[in-house]
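# Notes for the structure review
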Protein chains: 2
Amino acid sequence: VIVVRPVPGLPEIAVGDDLAGLILDAGAAPRDGEVVVVCHKVISKAEGRTVELSSVSPGERARALAIEHGHDARAVQVVLDESAELLRSERGVLIARTHHGFVCANAGVDASNAGAEDRLVLLPRDPDRSARELRAGLRHRSGSSPAVVIADSFGRAWRHGQCDVAIGCAGLAPLDDWRGRPDADGHELRATWIAVADQAAAAADLARDKTSRDPMAIISGLERHVLPDDGPGAAALVRPPSEDLFR
Amino acid sequence: VIVVRPVPGLPEIAVGDDLAGLILDAGAAPRDGEVVVVCHKVISKAEGRTVELSSVSPGERARALAIEHGHDARAVQVVLDESAELLRSERGVLIARTHHGFVCANAGVDASNAGAEDRLVLLPRDPDRSARELRAGLRHRSGSSPAVVIADSFGRAWRHGQCDVAIGCAGLAPLDDWRGRPDADGHELRATWIAVADQAAAAADLARDKTSRDPMAIISGLERHVLPDDGPGAAALVRPPSEDLFR
């Protein structure tokens, strides 16, 4: 049985805030074997990964794309700065591969729930490291060692709407590899390679209320995927460009 | 709070089986406002959507693709029969758009847990109709009217591993559209368009044990997305080819 409980009461986050402390102060009390799923914006704000639009001077490419797509050229410049490669820029949509290797709209740059009118929130620079640090902080303060997942909402190439995925994780096996193991008939389960961390992020999103400031949920029931060490992180979920059939 | 409970005890399904009856006989007792998530294989088997390899005569294209990718030409023929369009056939992978519009590996044709050595399981012909029929059957027999989601595991273009998605649904709003609604700062939540049915399928998969024959889970806590009528179904999740940036 999987249980996902939202954690209300986290305050608006400022640069340098001690997230582990604030999470425990909110009364969350995650236990060993549980998974703490945190919206990336909380992490980014604590790490100072935000940009004020007024501080940005757009370059030539950003200005051209902004005219083409009806965007603010300064916001486009921020997207370009966060991108290793722009895969598509059509119909007002910029789809980029970030420096981490994530393929998503606007390289993960987001204006919603940014905390100020002209502010953009970027993805954390190294979300797996952020997850490891938060896990260590929770362990240090509470003695418990839950897994940590950092989530963002990504669109999908061929489906409408967004699902939350794991952009960082620590202490959760991101993938459960059944390839080569037999099914109930003794057949090889050739294709079964389950993105556990992404499904955990999706399950956590179902428990959250988008309009509230509740950017956190705790999942129990995934104990079999929780690791004593931090594991490979969400980096293991990134399909490298060399295997990419849809550039 | 979201709770996902697996439902054990469903027998191996044969053509014509009364799924609603078998689900209730298994002691599942889903209530109004809950979501019953069923693996598509159960539906396909009940609907006779299986193919014996020995009955298939592969054509020229199937034989050529089979040689190129090291597959069984008969299985490739079945994949082609289920495909409206083959998007990629590289490195042993056939990625197709099915007649329903789903983009997935092998057009959803699967040999695992098929119930017999040489049998392939196809996707249901109209999974939204299958979901509506199952919902009506549950309502008729139990008086309760839970939502129904039919799930399959899909790979993703830029990420390793698979997540379960909704290929059919009835009584669950497949998408929760927050576009244009304000966030906690009063900002417009421009991009927020949540694929609720896909996230429900993913959450259900976390509760299942792949080696068992337990192809079913029940989710509570999604009452706000459960509809009295059947709603638009999972067809609403399909991005039409005209909007597809990644053909």
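## Thoughts on the nonpolar core
With 60 residues, the main nonpolar core has Ile219(A) and Ile219(B) as its most contacted residues. If we skip the residues at most four places from it in the chain, Ile219(B) touches Ile2(B), Val3(B), Val4(B), Glu34(B), Val35(B), Val37(B), Ala200(B), Ala203(B) and Ala204(B).

## Some remarks on the confidence of the model for chain A
Mean pLDDT over chain A: 92, with 94% of residues reaching 70 or higher. With pTM at 0.95, the complex prediction returns an ipTM value of 0.95.

## Details of the packing of aromatic side chains
Residue and element names in this part refer to chain A. All told, the structure shown has four aromatic pairs over all chains when counted by the stated rule. Ring geometry for Phe102 versus Phe154: centroids 6.2 Å apart, planes at 70°, classification edge-to-face. Here Phe102, found in the loop between strand 5 (93–98) and strand 6 (103–105), pairs with Phe154, found in strand 8 (residues 147–155); they are 52 residues apart in sequence, far enough to count as distant.

## Side note on the pattern of salt bridges
Residue and element names in this part refer to chain A. For the structure shown, the criterion picks out 30 salt bridges over all chains. Put simply, Lys41 and Asp110 hold a salt bridge, and the shortest N to O gap is 3.1 Å. Here Lys41, found in helix 2 (residues 40–46), pairs with Asp110, found in the loop between strand 6 and strand 7 (119–121); they are 69 residues apart in sequence, far enough to count as distant. Overall, Lys41 belongs to the buried group, its relative accessible area being 10%.

## Focus on the pairing of strand 8 (residues 147–155) of chain B
Residue and element names in this part refer to chain B. A large share of strand 8 lies buried, amounting to seven of its nine residues. Bridge analysis of strand 2 (residues 35–39) against strand 8 gives five bridges, and the strand direction is parallel. Note that in strand 8 the partner of Val35 across the bridge is Ala147. In the sheet, strand 8 pairs with strand 9 (residues 162–170) via eight bridges, with the strands oriented antiparallel. Counted as the bridge partner of Gly155 is Gln162 from strand 9. Between the end of strand 8 and the start of strand 9, which pair antiparallel, lie six residues, with Gly161 showing a positive phi angle near 80°.

## Quick look at unusual backbone geometry
Residue and element names in this part refer to chain A. Even without being glycine, Ala29 reaches a positive phi, approximately 45°. With respect to the helices and strands, Ala29 occurs in the loop between helix 1 (19–25) and strand 2 (35–39). Exposure remark for Ala29: the relative accessible area of 44% places this residue in the partly exposed category. We note that Asn106 has phi near 55°; this positive angle belongs to a residue other than glycine. Mapped onto the elements, Asn106 comes out in the loop between strand 6 and strand 7.

## Let's talk about the sheet that holds strand 5 of chain A
All names here are of chain A. Read from one edge to the other, the open sheet built from three strands follows the order 4-5-6, with strand pairing classed as antiparallel. Two strands close off the open sheet at either side, each with one partner strand: strand 4 (83–90) and strand 6. Strand after strand, the sheet turns through a mean of 25° between neighbouring axes, direction not considered. Relative to strand 5, strand 4 runs antiparallel, the two sharing six bridges. Among the inter-strand pairings, Glu90 is bridged to a residue of strand 5, identified as Val93.

## What about the relation of the copies chain A and chain B?
Rotating chain A by 180° and translating it 0.0 Å along the rotation axis places it on chain B, where the RMSD comes to 0.0 Å. Both copies of the chain, as the preceding transformation shows, are related through a two-fold rotation axis.

## Focus: the sheet that holds strand 5 (residues 93–98) of chain B
All names here are of chain B. Ordered in space as 4-5-6, the three strands form an open sheet in which the pairing is antiparallel. Every other strand in the sheet has two partners, leaving strand 4 (83–90) and strand 6 (103–105) as the edge strands with one partner each. Direction aside, neighbouring strands of the sheet carry axes that sit 25° apart on average. Here helix 3 (residues 60–69) sits on the sheet and contacts strand 4 and strand 5; the angle it forms with strand 4, its principal contact strand, is near 25°. Packing against the sheet, helix 4 (residues 73–81) makes contact with strand 4 and strand 5, and its axis sits at approximately 130° to strand 4.

## Concerning the state of the cysteines
Under the counting rule described, the total for this entry stands at zero disulfides over all chains. There is no disulfide at Cys39(A), and the cysteine sulfur nearest it, in Cys104(A), is 13 Å away. Cysteine Cys169(A) shares no disulfide, and the gap to the nearest cysteine sulfur, in Cys163(B), comes to 13 Å. Owing to a relative accessible area of 1%, Cys169(A) belongs among the buried residues under this scheme.

Reading guide: rules and limits
Residues numbered from 1 in each chain as written. Chains lettered and ligands numbered in written order. Predicted model: local features only at pLDDT ≥ 70, side-chain atom pairs only at ≥ 80, totals over all residues. Heavy atoms only, no water. Core = buried A, V, L, I, M, F, W, Y, C linked by side-chain atoms within 4.5 Å. Buried < 20%, exposed > 50% of the residue type's maximum accessible area, 1.4 Å probe, protein only. Contact = heavy atoms within 4.5 Å. pLDDT = per-residue confidence, 0-100. Phe/Tyr/Trp six-rings, centres within 6.5 Å; stacked < 30°, edge-to-face > 60°. Helix = DSSP H or I, 4+ residues; strand = E, 2+ residues; numbered from the N terminus. Salt bridge = Lys/Arg side-chain N within 4 Å of Asp/Glu carboxyl O. Pairing = 2+ DSSP bridges. Axes fitted to C-alpha atoms, helices over the stretch in contact; angles between N-to-C directions. Least-squares fit on C-alpha atoms with pLDDT ≥ 70 in both. Disulfide = S-S within 2.5 Å.

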